[in-house]
Amino acid sequence: MVEEPESATDYLRATREVSFDDLLVADRLDGSDATACPLSPQADSVKTARDVTRSTLRHWGLSELSDDAALVVSELVTNAVRYALCPPVRVDATPITLMLMRISAHVVLAVADPSDEVPTPKEPDFISENGRGLYIVETYSRCWGWDHLARGGKAVWAVFSGTG
């Protein structure tokens with residue numbers, strides 16, 4: 001069992017014992033500390049991701065993270081759908097997947113998508129309708145980042161820390 005991390009940095013080091021590639025294999029998930037949900041490359045997947053995130057956090061006793069995590073997952077899934085559709089990529093081979101993993105009162109929320117395009121934060125333009133997603137992710141999570149996946153694509157993740 002992994003010891004309780006003392007900081008988000010320690011937590012991220014602990015998660016490297018299980019990669020996002022490992023989490024995408026269903027038999028690695030026992031349902032108690034990690035879950036994955038495949039999502040379609042369509043707009044209503046954003047609501048599904050929010051609902052799964054909220055219900056998982058409630059089940060884990062970390063409801064206090066729900067609002068921030070739901071906002072972040074909305075941004076990550078919106079980006080994943082956008083990149084899965086334009087230009088169309090091999091969505092059938094590498095679907096969009098929401099993953100949540102808990103270690104004590106810390107949660108890693110990750111969205112895997114088929115695009116190899118690196119997420120690049122932009123200077124937020126508060127007048128434009130887009131371009132603020134990663135700013136929101138950075139603002140509402142403890143830290144965030146992304147990993148290339150062995151199968152192709154990437155997983156963009158964010159860490160949240162609760163009191164649970």
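About the thresholds
Residues numbered from 1 in each chain as written. Predicted model: local features only at pLDDT ≥ 70, side-chain atom pairs only at ≥ 80, totals over all residues. Heavy atoms only, no water. Axes fitted to C-alpha atoms, helices over the stretch in contact; angles between N-to-C directions. Helix = DSSP H or I, 4+ residues; strand = E, 2+ residues; numbered from the N terminus. Parallel < 35°, antiparallel > 145°, perpendicular 65-115°, else oblique. Left-handed = near helix turned anticlockwise from the far one by under 90°. Contact = heavy atoms within 4.5 Å. Nonpolar A, V, L, I, M, F, W, Y, C, P; charged D, E, K, R; others polar. Salt bridge = Lys/Arg side-chain N within 4 Å of Asp/Glu carboxyl O. Expected span 1.5 Å × (residues − 1). Buried < 20%, exposed > 50% of the residue type's maximum accessible area, 1.4 Å probe, protein only. Arc of directions from axis to C-beta.

Colleague: Give me the packing of helix α3 (residues 45–59) against helix α4 (residues 66–85): which residues, what numbers.
Modeller: Two numbers describe how α3 lies on α4: the axes approach to 9 Å, and their chain directions differ by 150°. Looking at the two axes, α3 sits roughly antiparallel to α4. Considering only the axes of α3 and α4, their crossing is right-handed. For the pair α3 and α4, contact is made by Ser45, Val46, Ala49, Arg50, Thr53, Arg54 and Leu57 and by Ser66, Asp67, Ala69, Ala70, Val73, Ser74, Val77 and Thr78, respectively. Taken together, the residues of the contact of α3 with α4 break down into 7 nonpolar, 5 polar and 3 charged.

Colleague: Describe the pattern of salt bridges, and please don't skip the residues or the numbers.
Modeller: By the definition in use, this model includes 4 salt bridges. The salt bridge partner of Arg54 is Asp67, with a shortest N-O separation of 3.1 Å. Of this pair, Arg54 sits in helix α3 while Asp67 sits in helix α4, placing them 13 residues apart in sequence.

Colleague: Which residues make up α3, and what are the values?
Modeller: In this model, α3 (15 residues) spans 21 Å end to end at C-alpha, consistent with the 21 Å of a helix rising 1.5 Å per residue. Residues of α3 that are buried: Ser45, Val46, Ala49, Thr53, Thr56 and Leu57. One side of α3 carries all its buried residues, which in axial view fall inside an arc of 105°. Turned more than 90 degrees away from the buried face of α3, the exposed residues are Arg58 and His59. Among the structural elements, β1 (34–39), α4, β2 (96–103) and β3 (106–113) are those in contact with the buried residues of α3. Where α3 ends, the next residue or the one after it, Gly61, has phi of about 75°, a positive value.

Purely geometric numbers; function is a separate question.
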